[in-house]
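Observations on the model geometry
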Amino acid sequence: MKVDHNQSDYSTLDILGDKWTLLILRDMLFEGKSSFSEFKASREKIASNILTARLAKLDSEGFVIKTASTANKVKYLYSLTDKAIDLLPLFVELFNWAEKYSTEPLCSNPVYKKLTANNSITITEYSTELKQRRDHMLGI
């Protein structure tokens with residue numbers, strides 16, 4: 001029997017299973033990146049055509065909202081939807097797993113460190129902060 005991947009549970013893996021998609025979401029969730037140029041400046045050096053395609057896919061699948069910058073109408077900004085922000089616990093767990101099995105510290109991101117430190121901000125609090133930042137960016 002032929003499986004229609006567009007109608008299956010595998011569609012989530014098709015989107016989130018891509019290295020570049022995960023890196024874009026990581027940069028948005030943990031580093032606050034929101035523009036094409038900020039994503040291009042990431043240490044992983046994503047090619048422009050791949051970045052364009054992944055951002056379009058994230059927009060069409062409801063993970064980001066693409067809007068024109070108020071300061072520069074030819075520049076677009078990308079903000080996280082609730083759907084993307086709800087992935088935060090998954091990213092924290094992936095980082096935890098990577099730290100557990102790595103011989104050296106992998107994640108030095110201050111947001112991740114706060115989320116995993118005792119008596120620090122919680123995932124719920126940080127999710128709320130991300131939503132407030134998004135709403136401010138969108139003028140909501």
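The coordinates are above.
This one's a predicted model, so the numbers in the text were calculated from it and none came from an experiment. (Residues numbered from 1 in each chain as written. Predicted model: local features only at pLDDT ≥ 70, side-chain atom pairs only at ≥ 80, totals over all residues. Heavy atoms only, no water.)

**A few points about the side chain of Lys-33**
For Lys-33, the location among the structural elements is in the loop between helix 2 (19–31) and helix 3 (36–40). Since its relative accessible area comes to 15%, Lys-33 is described here as buried. Here Ser-42 takes part through its side chain, which lies 2.8 Å from a polar atom of the side chain of Lys-33. (Helix = DSSP H or I, 4+ residues; strand = E, 2+ residues; numbered from the N terminus. Buried < 20%, exposed > 50% of the residue type's maximum accessible area, 1.4 Å probe, protein only. Polar contact = N/O pair within 3.5 Å; in protein donor to acceptor, adjacent residues only side chain to side chain.)

**Focus on the pattern of salt bridges**
Side-chain pairing between opposite charges can occur once the charged atoms of the two side chains come close. One pass over the structure, following the stated rule, counts 10 salt bridges. Among the ionic pairs, Lys-33 bridges to Asp-27, the shortest N-O distance being 3.6 Å. For the pair Lys-33 and Asp-27, a shared accessibility class is recorded, and that class is buried. When the shortest N-O distance is used, the salt bridge between Arg-134 and Asp-135 registers 3.0 Å. The exposure class of Arg-134 is buried, given its relative accessible area of 12%. Taken together, the salt bridges that share partners define one network made up of Arg-26, Asp-27, Glu-31, Lys-33, Arg-43 and Glu-44. (Salt bridge = Lys/Arg side-chain N within 4 Å of Asp/Glu carboxyl O.)

**Observations regarding unusual backbone geometry**
Even without being glycine, Lys-45 reaches a positive phi, approximately 60°. Assignment of secondary structure puts Lys-45 in the loop between helix 3 and helix 4 (48–60). The exposed category is assigned to Lys-45, whose relative accessible area is 60%.

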